[in-house]
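Examining the three-dimensional arrangement
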There are 2 protein chains.
Amino acid sequence: MAERPDHMDPEEFRRRGHQAVDWVADYLARLDDFPVMAGVGPGDVRDRLPDAAPEYGEDFTDVLADLDRVILPGLTHWQAPGMYGYFPANSSGPSVLGELISAGLGAHGAMWTTGPAVTELEQLVLDWLVAALGLPPAFRGNGVITDGASSGTLCAILAARDRAGGADDLGRMTAYVSEQAHYSMAKGLRVAGLPDSRVRRIATTPDYAMRADHLAYEIVKDRNDGLLPFFVGATIGTTSTTAVDPVPELAWVASNFDAWIHVDAAFAGTASVCPELRHLNAGLDEVDSYLFNPHKWMLTNLDCSVFYVADRRHLLNALATEAEYLSDGTAAALAEGDHETVDYRDWSVALGRRFRALKLWFVIRHYGLEGLRAHVRRHVAWAKELAEWVAADHRFELAVTPVLSLVCFRHVDGDEASRRVMDHVNNSGRAFISHTTLEDRLTLRVAIGSPHTEHHHLQELWTLLRAAA
Amino acid sequence: MAERPDHMDPEEFRRRGHQAVDWVADYLARLDDFPVMAGVGPGDVRDRLPDAAPEYGEDFTDVLADLDRVILPGLTHWQAPGMYGYFPANSSGPSVLGELISAGLGAHGAMWTTGPAVTELEQLVLDWLVAALGLPPAFRGNGVITDGASSGTLCAILAARDRAGGADDLGRMTAYVSEQAHYSMAKGLRVAGLPDSRVRRIATTPDYAMRADHLAYEIVKDRNDGLLPFFVGATIGTTSTTAVDPVPELAWVASNFDAWIHVDAAFAGTASVCPELRHLNAGLDEVDSYLFNPHKWMLTNLDCSVFYVADRRHLLNALATEAEYLSDGTAAALAEGDHETVDYRDWSVALGRRFRALKLWFVIRHYGLEGLRAHVRRHVAWAKELAEWVAADHRFELAVTPVLSLVCFRHVDGDEASRRVMDHVNNSGRAFISHTTLEDRLTLRVAIGSPHTEHHHLQELWTLLRAAA
């Protein structure tokens with residue numbers, strides 16, 4: 001050992017690990033004490049750290065001390081009870097510990113053989129979710145965990161491109177997404193080689209849902225022009241307002257023209273763990289692919305996104321590649337419909353895959369489905385309550401009726417007043433809200449989602465909003 | 001709290017966290033006791049777990065117990081001292097604790113404002129590495145962490161495609177990779193919309209390095225045919241043999257034809273922390289992009305890959321998208337050459353980005369550069385030693401002289417004998433080695449890389465190999 005003074009042996013790891021856990025526990029206990037949004041200016045964090053890497057190892061205690069000195073003041077605290085910006089990116093105790101153990105195991109899930117338990121637990125947990133969320137039976141055995149919705153959407157686009165003829169026909173392919181679609185759809189299409197000029201933005205209803213009649217019209221027009229409509233991107237729970245696109249109608253249109261239909265339910269997907277919210281799943285039996293992010297509302301820390309296909313063939317055809325050094329004599333060949341050995345490197349862009357299913361398994365086992373339902377129901381109820389407060393205050397107007405746990409509203413005096421309200425709340429340090437633009441009007445977004453948020457925090461936010469108005 | 005029995009509060013997290021750390025410490029202490037390769041058959045892991053998610057929360061102790069009962073027997077132990085397969089995917093104590101704290105913070109690095117410290121620490125650590133590895137100064141301020149080499153390579157291809165005219169010209173673009181290139185290059189090109197028919201496989205020298213003269217010939221031929229050569233993928237340290245492509249010559253050819261040249265040093269990149277191995281970096285001053293994986297040989301657990309560009313403009317042009325709900329009034333606009341605020345969501349496919357720089361920072365500070373050098377030097381010296389043992393044994397022949405820490409060799413009696421040797425070693429449970437094919441001959445690969453491997457493990461492997469021969 002003398003020649004390796006810096007090797008952290010298991011006993012040293014145990015000691016330092018307890019220190020690190022204590023640090024996190026103390027952080028969680030103080031979550032309500034930090035300004036939600038970082039107060040630093042550009043370069044402030046970096047300026048407090050050395051310009052060069054150390055030549056010799058430093059003491060772990062000094063590293064932990066720098067977390068308090070430099071890192072915490074430079075963070076926007078996504079887990080804080082007053083975090084209402086964007087969509088939530090929840091973490092939770094069991095998820096953090098699942099991530100710890102995954103890192104400690106250092107397992108690798110590129111192929112079944114590189115870690116059978118990595119692959120099989122992923123298959124199992126994703127099948128659990130098919131049942132728990134009331135998703136179509138065709139998704140069973142056809143799910144994969146990716147790092148985020150951008151990756152899942154890209155996979156859907158690549159599978160769709162393959163089904164429509166592959167890269168050789170790319171030059172005449174066209175795609176259709178809502179005006180309200182998340183920008184990852186446009187980005188994925190661009191990555192896949194589709195120029196922006198062949199991406200159609202479909203108009204929405206007053207509720208910001210994609211119009212199926214406009215979709216049909218645009219597809220027919222393109223077909224008459226000799227183009228090849230290949231991809232329709234729908235959303236359940238848009239980022240701006242959690243609008244729900246009419247999936248049954250969109251799927252009917254898409255299937256009539258042999259276009260792939262993909263559904264992004266990144267945020268809203270978790271909600272269908274509650275039977276009373278399962279109407280959100282209408283039409284999913286007819287779609288080709290679907291995703292949602294447990295790292296948003298299912299208490300699982302970033303990153304963990306779940307992607308399902310109804311039929312895996314085109315996904316594998318688009319992404320599988322054989323390489324001799326990765327093969328081995330023992331893995332059974334992947335047979336059509338054989339759910340037993342799957343090599344997940346062929347299911348998305350990434351080859352290296354850490355053991356992400358572990359934290360999702362920890363979360364589901366710790367909370368149970370009833371615990372997850374209670375988590376969703378609190379937030380949905382509070383959003384309804386906040387929306388009622390907003391509606392009853394003559395200085396505010398609701399932009400839409402909340403679908404789930406996002407409340408969108410404005411100051412009746414216009415953009416300047418709305419921005420003043422937002423700045424007042426955000427500068428308070430007690431809460432952070434974000435905004436969007438709807439019909440050219442600045443609209444405030446309050447997304448309720450932290451497991452650390454209690455009802456009194458919501459009341460505090462409302463007090464701040466009223467004071468600012 | 002009565003209504004939320006499953007909420008893990010900070011004190012409960014502390015208690016469960018200590019349990020989880022102890023579990024990992026015990027695992028690390030037992031690393032040498034497990035069969036390296038999982039002994040389970042398809043479905044064995046899954047069959048030992050319930051078919052449906054629990055309705056009510058379970059005790060954390062029961063979850064930990066299932067790790068021992070179900071998960072460990074189903075794992076291939078990548079951190080085991082006898083793991084010599086593939087390339088290493090190292091973890092280490094400080095890295096695991098960095099991952100733990102990253103998960104505990106639940107921070108989000110999509111944009112500078114969503115977590116200034118997430119972005120600035122990433123910039124800082126990647127700049128540290130530019131100096132520590134002797135990389136070109138142009139890479140300073142131009143690095144980004146991705147999940148793996150597949151993602152970085154895809155980013156390089158997208159930037160190259162943008163520089164060559166974008167998706168509209170894709171129909172006549174051609175790309176060039178070595179016969180020995182990692183399959184992520186072909187996969188990335190396919191994702192980006194290039195059909196396999198326009199990907200040229202360039203022949204290699206007897207040392208398995210890409211031939212610059214063949215590259216020039218193929219490019220000229222394609223240009224004469226009206227095609228648009230846009231991307232050359234080179235490798236420093238190929239997967240099969242750690243061959244080093246002649247980057248100076250390849251870069252000269254590529255630049256003469258305005259093709260982007262990207263270098264994949266996924267495994268080998270870490271080595272240049274040692275000045276005596278920095279000759280591997282020859283020619284990098286002339287390349288457009290470069291990547292290596294700290295999650296391979298730099299003691300940082302999966303996933304952590306580092307991608308650099310010499311000029312960020314085409315990368316951002318290919319990947320940046322504006323979205324109103326993501327913008328805010330406070331972030332300074334990204335100005336050309338302004339390193340102060342960077343929105344990393346625009347630097348790769350992913351939008352959601354966890355705080356990966358933290359674990360890399362923990363590793364570098366814990367080991368110091370001298371510690372990282374010692375880690376690399378042990379493995380390089382041992383590979384040389386093992387190669388000498390192999391060369392001196394008349395039953396074996398070296399396939400190539402080791403460049404770094406990978407030893408490639410065969411049984412002189414041919415494929416069947418080589419396979420028998422490999423199976424004997426792998427079935428012993430004490431070690432795991434993988435293989436590749438070189439000149440149609442089965443070739444065994446011993447990749448030394450675990451921080452838990454000691455010299456006596458290498459001697460044990462050699463005893464196993466000799467007994468099998």
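These figures come from a predicted structure and were not determined experimentally. For every chain, the first residue of its written sequence is number 1, and the numbers climb from 1 along that sequence. The lettering of chains begins at A and the numbering of ligands begins at 1, in the order of writing. Per-residue local features are limited, in this predicted model, to residues with pLDDT of at least 70; the limit for side-chain atom pairs, both in listing and counting, is 80 or more; totals at the level of whole chains, interfaces and linings are taken over all residues.

All names here are of chain A. Each assigned domain of chain A is listed with its residue range as follows: domain 1 (1-33 + 38-75), domain 2 (107-354) and domain 3 (369-468). What marks off one domain from the next here is an automatic or database domain assignment. Taking the mean C-alpha position of each, domain 2 and domain 3 sit 30 Å from one another. C-beta atoms are placed from the backbone for every residue, and two residues are taken to be in contact when these atoms lie within 7 Å. Taken together, the contact between domain 2 and domain 3 spans 16 residues of the former and 16 residues of the latter. Any residue that is not Ala, Val, Leu, Ile, Met, Phe, Trp, Tyr, Cys, Pro, Asp, Glu, Lys or Arg is counted as polar, Gly included; the first ten are nonpolar and the last four charged. Within the side of domain 2 that touches domain 3, the residues separate by chemical class into ten nonpolar, five polar and one charged.

The next subject is the nonpolar core. For our purposes the nonpolar core covers buried Ala, Val, Leu, Ile, Met, Phe, Trp, Tyr and Cys residues that link as a set through C-beta atoms within 7 Å. Any residue with 12 or fewer other C-beta atoms within 10 Å of its own C-beta is exposed, any with 20 or more is buried, and the rest are partly exposed; the C-beta atoms used are placed from the backbone. Within the largest apolar cluster, 316 residues are counted, with the highest numbers of intra-cluster contacts made by L100(A), V125(A), L250(A), L100(B), V125(B) and L250(B). Here V125(B) is in contact with A357(B), L360(B), W361(B) and I364(B), once residues within four sequence places are set aside.

All names here are of chain A. Put simply, DSSP marks the helices as runs of H or I at least four residues long and the strands as runs of E at least two long, and each gets a number from the N terminus on. Taking burial as the measure, the six residues of strand β9 (residues 406-411) include six buried ones, the bulk of the element. Residues L406, C408 and R410 line one face of β9 and the alternating positions V407, F409 and H411 line the opposite face, and both faces are buried. Only strands that DSSP links by at least two bridges are regarded as paired with each other. Across three bridges, strand β8 (residues 396-398) lies against β9 in antiparallel orientation. Looking at the pairing, E397 lines up with R410 of β9. Here β9 pairs with strand β11 (residues 441-447) via four bridges, running antiparallel. Residue C408 lies in a different strand from β11, and its bridge partner there is R445.

A few words on the relation of the copies chain A and chain B. Superposition of the copies was done by least squares, using only C-alpha atoms of residues whose pLDDT is at least 70 in both. Of the transformation superimposing chain A on chain B, the axial component is 0.0 Å and the angular component is 180°, with the fit at an RMSD of 0.0 Å. A rotation of that kind, with that shift, is consistent with a two-fold axis. Of the residues that chain A buries at the interface, 100% are likewise interface residues in chain B, meaning the two copies contact each other through the same surface.

Attention shifts here to the sheet that holds strand β2 (residues 173-178) of chain B. Residue and element names in this part refer to chain B. Spatially, β1-β7-β6-β5-β4-β2-β3 is the arrangement adopted by the seven strands of the open sheet, whose pairing is mixed. At either end of the open sheet lies a strand with only one pairing partner, and these are β1 (143-146) and β3 (199-202). Taking the axes of each pair of neighbouring strands and ignoring which way they run, one obtains an average angle of 20° across the sheet. Of the pairings in the sheet, the one linking strand β4 (residues 228-235) to strand β5 (residues 260-264) comprises five bridges and is parallel in character. Counted as the bridge partner of G233 is H262 from β5. Simply put, an axis is a line fit to the C-alpha atoms, just over the touching stretch for a helix, and the angle between two N-to-C directions goes from 0 to 180 degrees.

Taken residue by residue, the interface counts 124 residues in chain A and 125 residues in chain B. At 16 residues, helix α1 (residues 10-29) of chain A tops the list of elements feeding residues into the side of chain A that touches chain B. Grouping the constituent residues of the side of chain A that touches chain B by class yields 66 nonpolar, 38 polar and 20 charged.

A word on unusual backbone geometry. All names here are of chain A. With an omega dihedral of 0°, the bond running from L302 to D303 counts as a cis peptide bond. Structurally, D303 can be placed in the loop between α10 (294-297) and β7 (305-309). We note that T242 has phi near 55°; this positive angle belongs to a residue other than glycine.

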